[in-house]
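One letter stands for each residue in the lines below.
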Protein chains: 2
Amino acid sequence: MTTKPVFNDTLLNQLRWRYATKQFDPARKVSAADWKTLEETLVLTPSSFGLQPWRFIVVTDPARKEKLVPASWGQRQVADASHVVVFAIKKNLGSADVDRYLARIAEVRGVEVSSLNGFREVLTGFLAQPADAFDANEWASRQVYIALGNFLTSAALLGIDTCPMEGIEPARYDEILGLAEQGYQTVVVAAAGYRATEDPYAALPKVRFASEEVITHVE
Amino acid sequence: MTTKPVFNDTLLNQLRWRYATKQFDPARKVSAADWKTLEETLVLTPSSFGLQPWRFIVVTDPARKEKLVPASWGQRQVADASHVVVFAIKKNLGSADVDRYLARIAEVRGVEVSSLNGFREVLTGFLAQPADAFDANEWASRQVYIALGNFLTSAALLGIDTCPMEGIEPARYDEILGLAEQGYQTVVVAAAGYRATEDPYAALPKVRFASEEVITHVE
């Protein structure tokens, strides 16, 4: 890496520009090219062991988006935004998921699955930890939040607005999207699109604790 | 936003370039200017309600970094990397944290704290949910993973390598860094710096499930 791909100021300016958009402009859609890029950023999200215990449901159908509003405490962002991403975990991750992952490693890297037996043991041992020490669904949910963080930052860098939303009813989302029968479970949502010019929240100063209150240096 | 701040290809190229660095070059340090930028990206991380239930401990002291190795299953990244970020949650988040946050909102936005009473009720009600429905520490941990995702992506955009690490002993980290007595708890770690030229993992093809296996379109 000889030159810096992105200037420091560009990165910071975009993260300062980003805010949890309260009001999207329903008329403005994210272009197909930009959306394709954002989907690839989702796919590229790192996860522990590389296990990718997730599925991202991208909702653009107006009727379905409208159905999500009452499952989101009435928040209109899921209807007005251009695209809604539902971040879901694969429930009760187990050895079948490990095998699927190992098969993919073998395919991408051109190795024999049998050469990954040591890794299989690590992964199955990890997932088989006693329930009082390890909750596979909670672990997968944390991984999904890496994807959320990556997505919010990536969108901001492209000048695309987002609103991360925890204020939803996951079980109703699962029902509306038919996720439960596929073994997935809604965790969190991000609406994406463009802020309405009249959103009064856009102009409010961002509230963050002072740097010295959240960062400690051990130097 | 009239022009795009970052090109789609730049974003994707950096996310493809990123990998969980196994071997850092101990001689290469992240510049002060770049590190300052990355700390600001951490501060700017979004969180639910804006509560920022976290602290980021940045370890650069060689002796302390070395001490973290045995608390990290012997992984040398925490010693060899330029900077180590320990992502910690504020434990047992409660009304004192809410008040501290509201005071900060009042300060930044120039409003009376009393004008935020409605928001105080929402926040204290949220944190006071019955323990069987809501685990404040787990909730805070998920927020920390937003910061992790944001950090990994931001670093990649600046051409800085990282290694996210869950394979650590959080309680030993807390002890080495004196976190418990301050009410914080280690959740996850990211080492940051520059990959060693001899790291064989750098050249391996990235393994991700095919896009259609992780993304569903409802359109």
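One can find the structure itself at the top, above this paragraph.
Parameters at a glance
- Residues numbered from 1 in each chain as written.
- Chains lettered and ligands numbered in written order.
- Predicted model: local features only at pLDDT ≥ 70, side-chain atom pairs only at ≥ 80, totals over all residues.
- Least-squares fit on C-alpha atoms with pLDDT ≥ 70 in both.
- Axes fitted to C-alpha atoms, helices over the stretch in contact; angles between N-to-C directions.
- Helix = DSSP H or I, 4+ residues; strand = E, 2+ residues; numbered from the N terminus.
- Parallel < 35°, antiparallel > 145°, perpendicular 65-115°, else oblique.
- Contact = placed C-beta atoms within 7 Å.
- Nonpolar A, V, L, I, M, F, W, Y, C, P; charged D, E, K, R; others polar.
- Core = buried A, V, L, I, M, F, W, Y, C linked by C-beta atoms within 7 Å.
- Buried ≥ 20, exposed ≤ 12 C-beta atoms within 10 Å, placed from the backbone.
- Pairing = 2+ DSSP bridges.
- Expected span 1.5 Å × (residues − 1).

Caption draft 1: Layout of the relation of the copies chain A and chain B. Relative to chain B, chain A is turned by 180° and slid 0.0 Å along the rotation axis, the superposed coordinates differing by an RMSD of 0.0 Å. Expressed as a symmetry operation, the mapping of one chain copy onto the other fits a two-fold axis. The C-alpha atom lying nearest the rotation axis in chain A is that of G149 of chain A; the distance is 2.2 Å.

Caption draft 2: Structural context of the packing of helix 2 (residues 32–44) of chain A against helix 1 (residues 8–17) of chain B. The N-to-C vectors of helix 2 of chain A and helix 1 of chain B enclose an angle of 10°; their axes lie 10 Å apart at closest approach. With respect to their mutual orientation, helix 2 of chain A and helix 1 of chain B come out roughly parallel. Touching A33, D34, T37, E40, T41 and L44 of chain A of helix 2 of chain A are N8, L11, L12, L15 and R16 of chain B, all from helix 1 of chain B. In terms of residue class, the contact of helix 2 of chain A with helix 1 of chain B is built from five nonpolar, three polar and three charged.

Caption draft 3: Geometry of the nonpolar core. Core analysis: the largest hydrophobic core is formed by 100 residues, its most contacted members being F87 of chain A together with F87 of chain B. Look past the residues within four positions of F87 of chain A in its chain and what remains in contact with it is W54, F56, V144, A147, L148, V187, V188 and V189 of chain A. One finds L51, Y101, L116 and L123 of chain B within the second-largest nonpolar core, a separate group that totals six residues.

Caption draft 4: Expanded view of the interface of chain A and chain B. Each partner contributes to the interface: chain A provides 69 residues, whereas chain B provides 68 residues. Here the element with the most residues in the side of chain A that touches chain B is helix 7 (residues 136–157) of chain A; it accounts for 13 residues. Looking at side-chain class alone, the side of chain A that touches chain B contains 35 nonpolar, 19 polar and 15 charged residues. Two elements, strand 1 (residues 54–59) of chain A and strand 5 (residues 215–218) of chain B, share four bridges in a ladder whose sense is parallel. From the neighbouring strand, V59 of chain A faces strand 5 of chain B, where its bridge partner is V218 of chain B.

Caption draft 5: Representation of helix 7 of chain A within the structure. Residue and element names in this part refer to chain A. Helix length check: helix 7 (22 residues) gives 32 Å between terminal C-alpha atoms against 32 Å at 1.5 Å per residue, within 8%. Burial runs high along helix 7: 19 of the 22 residues are buried. G159, located one to two residues past helix 7, shows a positive phi value of around 75°.

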